[in-house]
Amino acid sequence: MYRFCINVFGCQMNVYDADRIRTALTSRGWVEAPEEDAEVVLFVTCSIRDKAEQKVWSDIGRLAFPWRGPVIAVVGCMAQRVGPLLLKRFPSVRLVCGPRSLGRLPAALGEVMATGKAAVLLDEDPTVLDDLPEAPLARSNPWKAFITIAHGCDNFCTYCIVPHVRGRFVSRKPDDILGEVECLVSDGVREVTLVGQNVNTYGRDFHNGYVFSSLLRDVALIKGVERLRYATSHPRDLTRDVVEVMAEHENICPAINLPIQSGSDRVLRVMNRGYTVEEYAAIITMIRSGLPNVAITSDLIAGFPGETLEDFHESVKAVERFRFDLVHTAAFSPREGTPAARMEAQVEASEKRRRLKEINTAQAVITREINQGQVGKTFTVLVDGPAPKGEGLLQGRTPSDKVVVFPGDPAMMGFFVKVKITGAGNWHLIGELEPARQEDLRR
Ligand code: SAM
Ligand code: SF4
Ligand code: F3S
């Protein structure tokens, strides 16, 4: 029994993994502690961009020197990618564990703590999966949970490290997922987010007709699932049946993340994305006609190798044309082992930064306009916690996943409240509790 601390980086799949690791360790009698009191510090890591890895290198460096600090365990995508190097560089790193080997983590960590001998849990075979059986009961958020519905990714976009570190695509069995959702709901979870790198191909490996929309419907029908979200969608695979199920079920939030990545057909082809801008546009039309109040967010990479100024301006045009609620933008980061890292005509770092700034500026105008259009509307908001800035302010999200900040009592955390929007910033809405509707306050 040891005191442990978990630091989480990267995407929602990592939040799910970290919640399950915490559950597995606490159920074995281990105790979560602040980093300074922990005997073992786990890092659940991400490799998507160099920056995501650099932060972990520097955090480990801070803990690893001087000696006699805590034992360090590095878990997740970065462990799978550079685990042996981490072991070699830092004597305090005693365990590395890839995302497909989590099932072996609790026992191996116990062994490391008892013997001091290093453990290497990295898969050589990207089709092998040894997963934790635990549901994420010891969550970072008591009333919200992420649930991975499919592991890995087979799309091999040419810039992306995920298929190399998370391995092959495999859907989890519907009964396992539905059982887990039921267990989470009885544990107080009110909002469930189904996660995967391409949720729309869920079930394709079953060959029995049970697809993503079947799962979405089955989860929506579980009593106690008050809000249901999912991410991420691939534009090539998002089909009308998904939109129809969303329209049929009030508890499925009208929010879709549909990464476009580039507005240039030429770049999309080199990225191996499998759609053109016009095909993407047709999907947006299909979504918006089926879900008039939907919020669509996107992801976009600036400065992909060979991206000319003309290509880049196509991306700016796409952002203006599709009027996304939000765009997660990133400068292209070469990932060793991916085809794009070896491509000629890499764009200069300073030029990538310039393009990133230009596209962010274009999007900020659109997000602000969309946010201003929400003023005067009232939303049901699940209160997440205190707002990071501002005494006495709380923060929550609308069904369309927009952050709202409003004055309120911290006792409302985990409750649904009605909030009237009174103002809008670039990245969030400002609101006030709707006094007449407090009888709607439920728990
Ligand atoms: N599976 C999703 C998809 O198909 O878009 C998300 C993948 S990834 C976890 C999240 C985002 O990181 C991507 O949408 C992409 O915009 C960005 N990304 C991935 N690899 C990148 C790279 N090498 N450089 C910069 N951004 C990258
Ligand atoms: Fe990466 Fe493409 Fe898979 Fe998304 S779909 S995880 S961008 S390879
Ligand atoms: Fe990062 Fe791995 Fe997720 S690379 S974005 S933690 S799948």
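Definitions and limits used
- Residues numbered from 1 in each chain as written.
- Chains lettered and ligands numbered in written order.
- Predicted model: local features only at pLDDT ≥ 70, side-chain atom pairs only at ≥ 80, totals over all residues.
- Heavy atoms only, no water.
- Helix = DSSP H or I, 4+ residues; strand = E, 2+ residues; numbered from the N terminus.
- 1 Å grid on protein atoms, 1.4 Å probe; cavity = no way out; pocket = protein on both sides within 12 Å on 5 of 7 lines; lining within 4 Å.
- Points joined across faces, edges and corners; volume = space filled by probe spheres on them.
- Nonpolar A, V, L, I, M, F, W, Y, C, P; charged D, E, K, R; others polar.
- Domains from an automatic or database assignment.
- Near = heavy atom within 4 Å.
- Pairing = 2+ DSSP bridges.
- Axes fitted to C-alpha atoms, helices over the stretch in contact; angles between N-to-C directions.
- Contact = heavy atoms within 4.5 Å.
- Phe/Tyr/Trp six-rings, centres within 6.5 Å; stacked < 30°, edge-to-face > 60°.
- Buried < 20%, exposed > 50% of the residue type's maximum accessible area, 1.4 Å probe, protein only.
- Salt bridge = Lys/Arg side-chain N within 4 Å of Asp/Glu carboxyl O.

A. Just unusual backbone geometry, in detail. At the junction of Ala231 and Thr232, the peptide bond is cis and its omega measures out at 5 degrees in the coordinates. Residue position: Thr232 is located in the loop between strand S11 (227-231) and helix H8 (240-248). Here Gln261, not a glycine, exhibits a phi torsion of approximately 75 degrees, which is positive. Topologically, Gln261 is positioned in the loop between strand S12 (255-257) and helix H9 (265-271).

B. Spotlight on empty space enclosed by the protein. Within the structure shown, the criterion is met by 1 cavity of 30 Å³ or more. Empty space within the largest cavity amounts to approximately 40 Å³. If you trace the largest cavity, you find it lined by Met13, Pro99, Arg100, His151, Gly152 and Arg166. In terms of residue class, the lining of the largest cavity is built from 2 nonpolar, 2 polar and 2 charged. For the lining of the largest cavity, the two domains that each supply at least three residues are domain 1 (3-121) and domain 2 (141-253).

C. Representation of the site of ligand 3. Neighbouring ligand 3 are Cys11, Asn14, Thr45, Cys46, Ser47, Ile48, Cys77, Val162, Arg166 and Gln197. Both of domain 1 (3-121) and domain 2 (141-253) provide at least three residues apiece to the shell around ligand 3.

D. Here's a closer look at the sheet that holds strand S18 (residues 416-424). Spatially, S15-S16-S17-S19-S18 is the arrangement adopted by the 5 strands of the closed barrel, whose pairing is mixed. Each strand of the sheet is rotated relative to its neighbour by a mean of 50 degrees, with strand direction disregarded. Across 5 bridges, the pairing between strand S15 (residues 378-386) and S18 is antiparallel. The residue bridging Thr378 from the neighbouring strand is Lys420, located in S18.

E. The arrangement of the layout of surface pockets in detail. Size it by volume and the second largest pocket reaches roughly 830 Å³. Taken together, 29 residues make up the lining of the second largest pocket; nearest its centre are Cys253, Pro254, Asn293, Pro399 and Ser400. Counting only elements with at least two residues in the lining of the second largest pocket, the list comes to H8 and S15. Grouping the amino acids of the lining of the second largest pocket by side-chain chemistry returns 14 nonpolar, 6 polar and 9 charged.

F. Structural view of the environment of Val419. Structurally, Val419 can be placed in strand S18. Sequence spacing of Val419 and Pro435 is 16 residues, and the spatial spacing of their C-alpha atoms is 8.9 Å. Setting aside its immediate chain neighbours within four residues, Val419 contacts Lys377, Thr378, Phe379, Val381, Val404, Phe406, Gly431, Glu432, Leu433 and Glu434.

G. Layout of the packing of aromatic side chains. A full pass over the atoms with the stated rule returns 12 aromatic pairs. Geometrically, the ring pair formed by Phe9 and Phe43 is stacked, given 6.3 Å between the ring centres and 20 degrees between the ring planes. Here Phe43 lies in strand S3 (residues 40-45) and Phe9 lies in the loop between strand S1 (3-8) and helix H1 (12-27), a separation of 34 residues in the sequence. Exposure remark for Phe9: the relative accessible area of 16% places this residue in the buried category. Given a relative accessible area of 0%, Phe43 falls into the buried group. Among the aromatic residues, ring-to-ring pairing joins Tyr275, Tyr280, Phe322 and Phe324 into one connected group.

H. How the structure looks around the pattern of salt bridges. Using the criterion set out here, one finds 33 salt bridges in the structure. The salt bridge partner of Arg321 is Glu278, with a shortest N-O separation of 2.9 Å. A residue pair is termed long-range when its members are at least 10 positions apart, and Arg321 in helix H11 (residues 309-322) and Glu278 in helix H10 (residues 277-290) qualify at 43 residues. Judged by its relative accessible area of 44%, Arg321 is partly exposed. Residue Lys402 is joined to Asp325 by a salt bridge in which the shortest nitrogen-to-oxygen separation is 2.5 Å. Of this pair, Lys402 sits in the loop between strand S16 (393-397) and strand S17 (403-407) while Asp325 sits in the loop between H11 and strand S14 (326-331), and the two are 77 residues apart along the sequence. Judged by its relative accessible area of 10%, Asp325 falls in the buried class. When salt bridges that share partners are traced, they join Glu307, Glu351, Arg354, Arg355 and Glu358 into one network.

Honestly, that's just the spatial picture; any functional story needs more than this.
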